[in-house]
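# Inside the fold
Residues per chain are reported as follows:
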Amino acid sequence: MSHPVPTWTSIRPSARLAGTPAVRHGGHWWLVTPTGTVPASDPVFTGELDRFAADMAAADGAVANLRTERTAVGEDQR
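Fair warning: this is a prediction, and the values are worked out from it, not measured in the lab. (Residues numbered from 1 in each chain as written. Predicted model: local features only at pLDDT ≥ 70, side-chain atom pairs only at ≥ 80, totals over all residues. Heavy atoms only, no water.)

Our next topic: the pattern of salt bridges. Within the structure shown, the criterion is met by 2 salt bridges. In this structure, Arg24 engages Asp50 in a salt bridge whose closest nitrogen and oxygen atoms are separated by 3.7 Å. Taken together, the residues Arg24 in strand β1 (residues 22-25) and Asp50 in helix α1 (residues 43-76) connect sequence positions 26 residues apart. For Asp50, a relative accessible area of 38% puts it in the partly exposed group. Glu48 is the partner of Arg51 in a salt bridge, and the nearest nitrogen-oxygen pair spans 2.8 Å. Of this pair, Arg51 and Glu48 both sit in helix α1, 3 residues apart, roughly one helical turn. (Salt bridge = Lys/Arg side-chain N within 4 Å of Asp/Glu carboxyl O. Helix = DSSP H or I, 4+ residues; strand = E, 2+ residues; numbered from the N terminus. Buried < 20%, exposed > 50% of the residue type's maximum accessible area, 1.4 Å probe, protein only.)

We now examine the environment of Ala22. When you line up the elements, Ala22 lands in strand β1. In the structure, Ala22 is positioned 19 residues away from Ser41 in sequence and 12 Å away in space, judged by C-alpha atoms. Those residues within four positions of Ala22 in sequence are excluded, and the remaining contacts are Ala15, Arg16, Leu17, Trp29, Trp30, Leu31 and Leu49. (Contact = heavy atoms within 4.5 Å.)

Below is the structure:
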């Protein structure tokens, strides 16, 4: 079963990869702009998107951990 093609209006800004037009939707990468949508099918390109998305998720997790640690230290000092 194929997934519907994403449109510019159906994609929340937070769903885009780091503010780029790249969106992971239905298990596939798409480039979504106000003027149209193109599936990203080049395996080298989509592999790079996968790696970049994983790196972004790891960085977000590291920042969240730092904030949690900072909050815990601040509470201990009260």
